[in-house]
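Descriptive structure summary
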Amino acid sequence: MIDILLASVALAAAFALGVVLTWRWRRAARGGAAHHAAFLQSPHGMLLVDAQTLCITDANPALVRSVGIPFAELRGSRISDIFGASDGTECDALTAQLRESPARLLVETVQRCRSGRRLYVEISGHRLEIAHRSFFALSTRDVTLRRKVQAQQLERQQYLDHLAHHDQLTGLPNRLYLAAHLPKAIEEARRVGGTLAVLFLDLDRFKDINDSRGHDTGDKLLQEVARRIAAAVHARDMVVRMGGDEFIVVLRSVTSPEQITETAARLADVLNAPVVIDGRPLVATASIGVSVYPRDGQSMGELLRQSDTAMYQAKDHGRNTFQQFSRGMERRLKERVAIENGLRRALAEQHLELHYQPIVAIGTRKVVALEALLRWRGPHGFIRPSRFIGVAEQTGLIVPVGEFVVQQALADLGRWRAQGATLVPVALNVSAVQLQRGNFTGMLARQLRRADIGAELVQIELTESALFEPHGRRADPAQDAIVQLRELGTRIVIDDFGTGYSSLSYLKRWRVDALKIDRSFIRDLTLDAGDLAIVEAIIAMARHLNIELIAEGVESWPQLERLRELGCDRAQGFLLARPVPAGQCRRFLDGAPLELHADEEPFPELRDGTGGG
Ligand code: C2E
Ligand code: MG
Ligand code: MG
């Protein structure tokens, strides 16, 4: 607005100048001292230029002063001698305009002064005819200061833009930058029919590093990771820190699928090299998910979502790997979301319940414990835990689900006690995530107090992964929880023994009370010499360490007989009893030996994975 105003004032001034100069020309005839004075005393440089030759025919003192060249020398010189860059480029605009012989003109250019100083000037003016000759009456205005301010404003704006679009810690472009530039890159790929890849990198266990070695170390690690990622890709590619330990690499103009796999492998490689921070080495591996335009999606949102999905898949595949997005992944993700939402509803609407399966002393056939097995009552029958426990663990829903299990099991114990039953401990399945997140032991202790039930009536079944994480890393929060569980007085049982790490050291270290030999070893016990040897070894070891043994999944008389011969204490399986609702458990709780029938069939509906409980 101000510019427009200034320009019109300048034009008006030039117009006035034209009038003044015309009058000056006619001064000889009519005189015009006042107008002449206006020309002479104007603070703006004014000049008259021959439209034919573009040479200066007249100039006022302000211009003479400003350029520092005497009038005598100025008169007759070309305007390009004074205006425009010395290389002639900027003059071209002014000269070109004058050559077109416009009625009016407005141009910004450089004025070169004799002193060597260069001013930015705005030149306005118009064409006029005097005695059949054409001239331009021009007025100049010094806009150097305005230019400077504008340049400063621009610089400041660029600085602020940079700040807004870059991450402070690593100096990499940020999420905002990506939002501004990825759509353009996609558009460009669309225009030329090219391919583009989005790599989503997420550091593995960064939270652990942050928690154990402090945020300062975490920050330094992120800086180094950012530097390595940026150095491992082409300058034309985009590297963005999305926040936290998440980075995006956009590969433009991908020419072959190998280019993507090679880049992903190179990124994994550079990250695999240890980073030494404050004299101590650290390894920050990453899980990488890849989506490709146009194969996987057309928009930024789609491509980011899919690379994120693929990244989670890479995490599921044991981290430090990369995965390309596929439609199957999307389907599984949708299923997962459906299960998560369904489970949330089931929890709120009380569609979860516990069934119980007896654990029996092989020698006496007496029920020595009941294992609580979770059931989700769906619209088409029971949904098996194998379908939803994994999702519950991934989403953290396992914490409220686990709380429900504890509460329900204690309520059932309380009811059986009120009915005068011979109580046996209830075995609860607890996953590593439950021990790591939330305060499981605190919750259990609170519920025990509220239900007025002793801790010895609860035993906790943990899989080996709760005690040890892959790669021999200790799962510290879970291990603290195990110590607390021991202090509370519950028994600790290792579930599915033999499928994990089967380390003798932790059996001793945690003073484990019992082992459950995994079903997979029991199944072919009477047929497979290898399975038999493993079971024998487990039994010998457990005896030696004075640990109780339970055989899982006993389905046949020969299996039970063989286990008895081998000296296994306890058994659980369809042969003895299948899991039943709490209301049908009274018969297990009268203290009498379990009645077994030689012709009792195992329950095939559970084996084919359709029905439940
Ligand atoms: P698990 O703790 O090893 O439980 C034993 C599983 O074997 C149960 O499957 C049981 O129904 C099944 N089973 C028992 N006897 C036999 C048999 O003779 N033959 C065959 N083929 N199967 C038998 P279910 O109920 O489907 O549970 C599967 C797994 O889900 C459990 O394995 C446990 O790891 C987990 N789970 C169950 N309830 C809970 C829970 O409340 N919390 C957590 N975190 N996990 C649970
Ligand atoms: Mg179990
Ligand atoms: Mg088991």
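Thresholds, definitions, all that
Numbers given to residues run from 1 along each chain, matching the order in which its sequence is written. Written order determines the labels here, with chains lettered from A and ligands numbered from 1. With the structure being a predicted model, the display of local features is reserved for residues of pLDDT at least 70 and the display and counting of side-chain atom pairs for 80 or more, all residues being used for whole-chain, interface and lining totals. Heavy atoms from the whole structure form the basis of all side-chain values; hydrogens and water molecules are not counted. Each helix is a run of H or I in the DSSP string that is no shorter than four residues. Each strand is a run of E no shorter than two, and both are numbered from the N terminus. Buried means the residue's accessible area, taken with a 1.4 Å probe over protein chains only, is under 20% of the maximum for its type, while exposed means over 50%, and partly exposed covers the values in between. Throughout, a residue-residue contact means that at least one pair of heavy atoms, one from each residue, lies within 4.5 Å. Per-residue accessibility takes into account occlusion by the displayed protein chains alone, with areas from the Shrake-Rupley method and a 1.4 Å probe. pLDDT is defined as a per-residue confidence score from the predictor, taking values between 0 and 100. Metal sites are built from N, O and S donor atoms within 2.8 Å, or 3.2 Å for Na, K and Ca, and they leave out water, so they may look incomplete. For this analysis, a salt bridge means a side-chain nitrogen from Lys or Arg found within 4 Å of a carboxyl oxygen belonging to Asp or Glu. Taken from the helix axis, the directions to the C-beta atoms give the arc we talk about. By the convention used here, strands pair only if DSSP detects at least 2 bridges between them. Angular values range over 0 to 180 degrees, each being the angle between N-to-C directions of two axes fitted as lines to C-alpha atoms, with helices fitted over their stretch in contact. For the purposes of this section, nonpolar cores are sets of buried Ala, Val, Leu, Ile, Met, Phe, Trp, Tyr and Cys residues that join through side-chain atoms within 4.5 Å. Here a residue counts as near a molecule or strand whenever at least one of its heavy atoms sits within 4 Å of it. Two N or O atoms count as a polar contact when they lie within 3.5 Å, although within protein this holds only if one can serve as hydrogen donor and the other as acceptor, and sequence-adjacent residues are included solely when both atoms are side-chain atoms. The method works on a 1 Å grid over the protein atoms by themselves. A cavity is a set of points holding a 1.4 Å probe that cannot get out, a pocket is an open set with protein on both sides within 12 Å along at least five of seven lines, and residues with an atom within 4 Å of a point line them. Grid points are joined across faces, edges and corners, and a volume is the space filled by probe spheres set on the points. Any residue outside Ala, Val, Leu, Ile, Met, Phe, Trp, Tyr, Cys, Pro, Asp, Glu, Lys and Arg is labelled polar, Gly included; the first ten of those are nonpolar and the last four are charged.

**Quick look at the overall build of the chain**
- Each helix and strand in the chain was counted, giving 23 helices and 22 strands.
- Burial analysis of the chain (613 residues in total) assigns 47% to the buried set.
- Taking the contacts inside the chain whose residues are at least 6 apart along the sequence as the reference set, 62% of them involve residues at least 24 apart.
- Taken as a whole, the chain presents about 30200 Å² of accessible surface, with 52% of it coming from carbon and sulfur.

**What about the confidence of the model for the chain?**
- The share of residues in the chain with pLDDT of 70 or more is 89%, and the mean pLDDT across the chain is 87.
- Averaged over each element, pLDDT in the chain is lowest for helix α23 (residues 604–607) (38) and highest for strand β16 (residues 426–429) (98).
- Contacts from residues 22–29, a stretch scored under 50 in pLDDT, to residues over four places away or in other chains number 11 contacts.
- Per-residue pLDDT stays below 50 along residues 470–475; that stretch engages in 10 contacts with residues further than four places along the chain or on separate chains.

**So, the coordination of the magnesium ion (ligand 2)**
- Each protein donor to the magnesium ion (ligand 2) is listed here as E371 (OE), N429 (OD1), E461 (OE) and D495 (OD); together their distances run 2.0 to 2.2 Å.
- Site description for the magnesium ion (ligand 2): donor spacing in sequence, E-x57-N-x31-E-x33-D.
- The distance between the magnesium ion (ligand 2) and the magnesium ion (ligand 3) comes to 4.2 Å, with D495 serving as a donor to both metals. One end of the pair, E461, is in strand β17 (residues 458–463); the other, D495, is in strand β18 (residues 491–497), and 34 residues separate them in sequence. Across this residue pair, the class does not change: E461 and D495 are buried.

**Thoughts on the pattern of salt bridges**
- Under the definition given, this model contains 32 salt bridges.
- R146 is the partner of E122 in a salt bridge, and the nearest nitrogen-oxygen pair spans 3.8 Å. Of this pair, E122 sits in strand β4 (residues 118–130) while R146 sits in helix α6 (residues 144–165), and the two are 24 residues apart along the sequence.
- If you follow the salt bridges from partner to partner, you end up with E108, E122, R141, R146 and R147 in one network.

**What about the coordination of the magnesium ion (ligand 3)?**
- Only D495 (OD), D496 (OD), E552 (OE) and E552 (OE) from the protein coordinate the magnesium ion (ligand 3), and they sit 1.8 to 2.8 Å from it.
- Looking at E552, the relative accessible area reads 10%, which means it is buried.

**Some points on helix α8 (residues 206–213)**
- Buried residues of α8: F206, I209, N210 and R213, and no others. Projected down its long axis, α8 carries its buried residues within an arc of 100°, all on one side. Of the exposed residues in α8, the ones pointing more than 90 degrees away from its buried face are K207, D211 and S212.
- In this structure, the buried residues of α8 make contact with β6 (195–203), α9 (215–232), β9 (275–277) and β10 (280–282).
- The positive-phi residue at the C-terminal boundary of α8 is G214, with phi of around 95°.

**Considerations on the sheet that holds strand β12 (residues 322–324)**
- An order of β7-β8-β6-β11-β12 is seen for the five strands of this open sheet, with the pairing classed as mixed. Taken across any chain shown, the strands that pair with only one partner, and hence form the sheet edges, are β7 (238–243) and β12. Strand after strand, the sheet turns through a mean of 20° between neighbouring axes, direction not considered.

**Some remarks on the sheet that holds strand β3 (residues 104–112)**
- Pairing within the open sheet is antiparallel, and its five strands lie in the order β2-β1-β5-β4-β3. Two strands close off the open sheet at either side, each with one partner strand: β2 (56–59) and β3. Averaged over all pairs of adjacent strands, the angle between their axes in this sheet comes to 30°, without regard to strand direction.
- In terms of strand pairing, strand β1 (residues 45–50) meets strand β5 (residues 133–142) through six bridges, oriented antiparallel. Note on β5: the bridge partner recorded for L48 is A137.
- Set on the sheet, α6 makes contact with β3, β4 and β5; between it and β4 the angle comes to about 130°.

**Observations concerning the nonpolar core**
- Counting 87 residues, the largest nonpolar core has Y356, W416 and L515 as the members making the most contacts within it.
- Counting residues in each nonpolar core, the second largest holds 31 residues, with A197, V233, V275 and A286 among its members.

**Some remarks on the site of ligand 1**
- Near ligand 1 there are 25 residues, and of these R384, N429, D495, R519 and E555 occur at the shortest range.
- A distance of 3.0 Å separates an oxygen atom of ligand 1 from a polar atom in the side chain of E552.
- Between F574 and ligand 1, the recorded distance is 2.8 Å, taken from a backbone N or O atom to an oxygen atom.
- For the shell around ligand 1, the secondary-structure elements that each account for two or more residues are β14 (367–378), α13 (385–395), α14 (398–418) and β18.

**Considerations on the layout of surface pockets**
- By volume, the second largest pocket amounts to about 360 Å³.
- Lining the second largest pocket we find 20 residues, and of these W376, G378, P379, I383 and R387 sit closest to its centre.
- Of all the elements in the fold, those that place two or more residues in the lining of the second largest pocket are α12 (327–348), β14, β15 (381–383) and α13.
- Here the lining of the second largest pocket gets five residues from one element, more than from any other, and that element is α12.
- Broken down by class, the residue content of the lining of the second largest pocket amounts to eight nonpolar, seven polar and five charged.

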